[in-house]
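A look at the structure
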Amino acid sequence: MNGIVQGSSGLVKLTHAEIKRKIAYQKLFGLDELQKYLFRFCKTILTADDSIISHFRLYDLAPSILLYGPPNTGKTTLCYLLFDQIKQEVTNEINFYTVDVGQMLDPALGQSSRNLEQIFQELKNICSDGSSVFLLLDELDAFCMSRSRAQEHDAVRRAMTTLMLELDKLHPSTTSQLLVFGITNVPNLVDTAVVRRFALKQYVDAHLSWDDFKSYLDYLNKPIKYKPNEEELQKLYDIYSNRSFTTGDIKALYKILFVDVMCADISGNLLDRLIELFEKGFSTRDHLSIASEELSND
Ligand SMILES: Nc1ncnc2c1ncn2[C@@H]1O[C@H](COP(=O)(O)OP(=O)(O)OP(=O)(O)O)[C@@H](O)[C@H]1O
Ligand SMILES: [Mg+2]
């Protein structure tokens, strides 16, 4: 994992420059409304005065957000973009942290719990100095599998219980500067007690509107200087809808197209190749049912 490792608990800090590098060529389509909504929520919390905080307290509204949805739909990228927007438009005094789950989980008795407690304590210390924290718990399912799952490791179970306790302790009156984002693409496998503890739960899986699809393809076609006409775009949009590609799948198809343009002489029939890729290329959703079957048979 990139970033600056903070001690041995698994806490990792990513600098703004690193986040900027990650999003340098990233533009998300179909998620504008969600990004706006989440940005406003974060901004409200980070800038809340006493009267707003009293409302948050009334509803027990903690600054914790769970993003869930199929793989390859932009969840992680959305968090990076949100952080960058908050840093630029709300407060420069905010830093991005994540957890290296492999390091945080420790087979020694109780050590995973101590690591997580230490992580939250460190972050709260940072907040008490007046800074804000954007904590991303990506791939939450790695240590929050349902408690009924028999193969669950003791260290995993303990870490999950500690996370629940720490999420319970989050409160706008004491921790309004600590934003916690959880991400999973298998929410059905995450313990419902964990899911419930996130104040906001947002499904991320944009089905692109015709206009968003055209803008997305325009963006992907630019480097290869391809300008399909309206009829060709409509054909591609129909295949996109039929095959239920995720937004990330389309980019993956363009990766192949780009390599073909660079390494094979296909400039004369770009459209044929693109249609072939759309018709036969990898669709995340085709594999989802197989994947969840495999997981549920574990
Ligand atoms: N809505 C979108 N618009 C444009 N590109 C997208 C979109 N969603 C995903 N992508 C692209 O797909 C790739 C994967 O995105 P990302 O890693 O953010 O997805 P994810 O939902 O976190 O996936 P996973 O659940 O597998 O971790 C990135 O290159 C990203 O730019
Ligand atoms: Mg991700």
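Residues numbered from 1 in each chain as written. Chains lettered and ligands numbered in written order. Predicted model: local features only at pLDDT ≥ 70, side-chain atom pairs only at ≥ 80, totals over all residues. Heavy atoms only, no water.

**Describing the overall build of the protein chain**
Our working definition: Strands here mean DSSP runs of E at least two residues long; helices mean DSSP runs of H or I at least four residues long; both are numbered from the N terminus. A radius of gyration in this sense is built from C-alpha atoms; the matching globule rule multiplies 2.2 Å by the number of residues raised to 0.38. Each residue gets one of three labels from its accessible area relative to the maximum for its type: buried under 20%, exposed over 50%, partly exposed in between, using a 1.4 Å probe on protein chains only. By the convention used here, residues are in contact when the closest approach between their heavy atoms is within 4.5 Å. We get accessible surface area from the Shrake-Rupley algorithm with a probe of 1.4 Å; when it comes to residues, only the shown protein chains can shield them. Positive charges come from Lys and Arg, negative ones from Asp and Glu, while His and the chain ends are left out of the count. Lys charges are placed at NZ, Arg charges at CZ, Asp charges at CG and Glu charges at CD.
Of regular secondary structure, the protein chain possesses 14 helices and 7 strands. Its C-alpha atoms give the protein chain a radius of gyration of 21 Å, within 12% of the compact-globule value 19 Å for 298 residues. Here the protein chain holds 298 residues, and the buried ones make up 49% of them. Restricting to contacts in the protein chain with at least 6 residues of sequence separation, those with at least 24 account for 79%. In the structure as shown, the protein chain presents an accessible area of about 14,900 Å², 50% of it carried by carbon and sulfur atoms. Charge separation in the protein chain, taken as the distance between the mean sites of 32 positive and 40 negative side-chain charges, equals 3 Å.

**Brief notes about a nonpolar patch on the surface**
Stated precisely, the cut-off is as follows: Residues form patches when they are more than 30% accessible in relative terms and have no salt bridge. Like charges link within 9 Å. Nonpolar side chains (Val, Leu, Ile, Met, Phe, Trp, Tyr) link within 5 Å. Salt bridges are counted wherever a side-chain nitrogen of Lys or Arg sits within 4 Å of a carboxyl oxygen of Asp or Glu.
There is a patch of nonpolar side chains on the surface, built from F258, V259 and M262 and spanning about 290 Å² of accessible area. Mapped onto the elements of the fold, F258 is located in helix α12 (residues 247-263).

**Some words on helix α11 (residues 230-243)**
Along an α-helix, residues three or four positions apart point the same way, because every turn accommodates 3.6 residues. Put simply, the test is: An expected span of 1.5 Å times one less than the residue number is assigned to each helix. Read the arc as the range of directions from the helix axis to the C-beta atoms. Residues adjacent in sequence count toward polar contacts only when both atoms are side-chain atoms; beyond that, a polar contact is any pair of N or O atoms within 3.5 Å, and within protein one must be able to donate a hydrogen and the other to accept it.
The terminal C-alpha atoms of α11, which comprises 14 residues, lie 20 Å apart, in line with the 20 Å expected from a rise of 1.5 Å per residue. Within α11, the full set of buried residues consists of L233, L236, Y237, I239, Y240 and R243. Along the long axis of α11, the arc covered by the buried residues comes to 165°, so they all point the same way. For α11, exposure combined with an orientation more than 90 degrees from the buried face picks out E231 and N242. For α11, the N-terminal cap is N229; the gap from its side-chain oxygen to the backbone nitrogen of E231 is 3.1 Å. After α11 finishes, the residue S244 shows a positive phi value of roughly 50°.

**Section: helix α2 (residues 32-46)**
Between its terminal C-alpha atoms α2 stretches 21 Å, which fits the 21 Å expected from 15 residues at 1.5 Å a residue. Of the positions making up α2, those classed as buried are L34, Q35, L38, F39, F41, C42, I45 and L46. Buried residues in α2, looked at end-on, bunch into an arc of 160°, giving them a common side. With respect to the buried face of α2, the exposed residues turned more than 90 degrees away are E33 and R40.

**Quick look at the site of ligand 1**
In plain terms, the rule: A cutoff of 4 Å decides nearness: a residue is near a molecule or strand if any of its heavy atoms lies inside that distance of it. Think of a 1 Å grid over just the protein atoms. A cavity is a set of points where a 1.4 Å probe fits yet cannot get out, a pocket is an open set with protein on both sides within 12 Å along at least five of seven lines, and lining residues have an atom within 4 Å of a point. The way we define it, a molecule is inside a pocket or cavity when more than half of its atoms are within 2 Å of that pocket's grid points. Under the convention adopted here, Pro, Cys and the residues Ala, Val, Leu, Ile, Met, Phe, Trp and Tyr are nonpolar, Asp, Glu, Lys and Arg are charged, and Gly plus all remaining residues are polar. Domain limits in this description derive from either an automatic procedure or a database domain assignment.
Taken together, 18 residues lie near ligand 1, and Q26, F29, K75, T77 and N185 sit nearest. One nitrogen or oxygen atom from the main chain of N72 is found 2.9 Å from an oxygen atom belonging to ligand 1. Out of a free accessible area of 630 Å², ligand 1 has 83% covered by protein chains. At a threshold of 2 Å from the grid points, most atoms of ligand 1 map onto the largest pocket. Of all elements in the fold, only α4 (75-89) and α12 reach the threshold of two or more residues within the shell around ligand 1. A class-by-class count of the residues in the shell around ligand 1 yields 5 nonpolar, 9 polar and 4 charged. Among the domains, domain 1 (4-203) and domain 2 (210-285) are the pair contributing at least three residues each to the shell around ligand 1.

**Let's talk about the side chain of T246**
With respect to the element layout, T246 can be found in the loop between α11 and α12. Engagement of the side chain of T246 in a polar contact is seen with the backbone oxygen of N72, the distance being 3.3 Å.

**Points about unusual backbone geometry**
Positive phi values are uncommon outside glycine, yet D60 reaches one of about 55°. Along the chain, D60 turns up in the loop between α3 (50-58) and β3 (64-68). A positive phi is found at E139, a non-glycine position, where the angle reads about 50°. The topology assignment puts E139 in the loop between β5 (132-137) and α7 (154-169). Residue classification places E139 among the partly exposed residues on the basis of a relative accessible area of 44%.

**Side note on the layout of surface pockets**
Condition: Grid points are joined across faces, edges and corners, and a volume is the space filled by probe spheres set on the points.
For the largest pocket, the calculated volume is near 450 Å³. Taken together, 23 residues line the largest pocket, and the ones lying closest to its centre are N72, T73, G74, T77 and G248. Among the elements of the structure, α4, β6 (178-184), α10 (210-221) and α12 are those that each provide at least two residues to the lining of the largest pocket. Examining the composition of the lining of the largest pocket, we find that 5 residues originate from one element, α12, more than from any other. Classifying every residue of the lining of the largest pocket gives 7 nonpolar, 10 polar and 6 charged. Taken together, domain 1 (4-203) and domain 2 (210-285) each give at least three residues to the lining of the largest pocket, which thus spans both.

Geometry only, nothing functional implied.
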